[in-house]
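As a plain string of letters, each chain reads:
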Amino acid sequence: MKRLLLPLLAVLALPTAVNGEVTNEIHNRCKDVSDYMGCVKANKRKEISIYDGLSRKEVKFLKKNLNSNYVSTFQGNWVKIPLNREAYVDINSIKRVGRLVSIKRCGLVGSFKKELCNKPQNSVVGGTKIRLFNCKKRLWFRNEFNVTGHPSIYKPAEWKPIDNSKFNLATAKIACKY
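All residue numbers refer to positions counted from 1 along the written sequence of the respective chain. Under the rules for a predicted model, residues below a pLDDT of 70 receive no local features and side-chain atom pairs below 80 are neither given nor counted, while totals for whole chains, interfaces and linings still include all residues. Hydrogens are left out, water is left out, and the side-chain values use all remaining heavy atoms of the structure.

A short note on the packing of aromatic side chains
The description of two aromatic rings rests on the distance between their centres and on the angle between their planes.
Step number 1: Aromatic pairing here means that ring centres of Phe, Tyr or Trp (its six-membered ring) are within 6.5 Å. Orientation follows from the plane angle: under 30 degrees is stacked, over 60 is edge-to-face, and everything else is tilted. A complete count under the given rule lists one aromatic pair for this structure.
Step number 2: A cation sits over an aromatic face here: K63 above Y51, 5.4 Å from the ring centre.
Step number 3: One residue, R105, lies across the ring of F167, its end atom 3.7 Å from the ring centre. Counted as over-ring charges are cases with an Arg CZ or a Lys NZ within 6 Å of the ring centre that also lie within 35 degrees of the ring normal.

Pasting the structure below:
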C-alpha cells in the first residue's frame, strides 16, 4: 500500500504545481512533447516589468506619460531633427526626472508646415506625441500598441534600444544631449 501511495501523491501533486505556473500558450506548445517539463522550462520567459530598476519618482513620471497619445503645444520651440523627413522636437518641452527624459516630437509625413505641430491633434500622419527616454540605458519607451479590430496586432509596452531607430536616436541626441 505504501508503495502505491507515494507515486500516487506525486502524480496528483505534479500537474497542479506545473499548471499553476504555466501559461496556456506554453502549455499548448508543450502538451504533445514527451518531455513536458523540459519544454516548459525551455519556453518560459522571465516577465520583465517596464518599471524594473526605476525609482518611485521615475515610476510616477512614466505612469503620467504612459498613455499620452497626441498632445498639443502652444507656440513650441520646434527644432528640426536631422533626418531625411520632416520631423521636429519642441526643446521647451524637455522634462527630466532621474534618468528619464520626455520630449514632444512632431512627425510631419507628407507636409512641410511645422506650424501644424502646435495644433492639438494635427491631422498629419505622425502627429505630435511625447517620446520617453531612459538616457543612461539608451532606451526609448514604446506604449502598448494594438489595432482596433485586429487582436493579432498587439505589442505590449516596453523599453527598446535607441540605436535600433534613426528617428529615436536623432530625438534622443537632443533630449539626452548625447
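That was the structure; now back to the text.
Quick word on unusual backbone geometry
Where the residue is not glycine, phi is negative for most of them; where a peptide bond is considered, it is trans in most cases.
Step number 1: Here R138, not a glycine, exhibits a phi torsion of approximately 55 degrees, which is positive.
Step number 2: Helix and strand labels come from DSSP, where a helix needs a run of H or I of at least four residues and a strand needs a run of E of at least two; each type is numbered from the N terminus. By the element assignment, R138 lies in the loop between β4 (125–134) and β5 (139–142).

Re helix α4 (residues 56–65)
It helps to recall that an α-helix has 3.6 residues per turn; residues three or four apart then point in one direction.
Step number 1: Exposure is judged per residue with a 1.4 Å probe applied to protein chains only, and the accessible area is read against the type maximum: over 50% gives exposed, under 20% gives buried, and values in between give partly exposed. Those residues of α4 lying buried are E58, V59, F61, L62 and N65. What you see down the axis of α4 is that its buried residues fit within an arc of 165 degrees, all on one side. Those residues of α4 that are exposed and aimed more than 90 degrees away from the buried face are R56, K57, K60, K63 and K64. Think of the arc as the fan of directions from the helix axis to the C-beta atoms.

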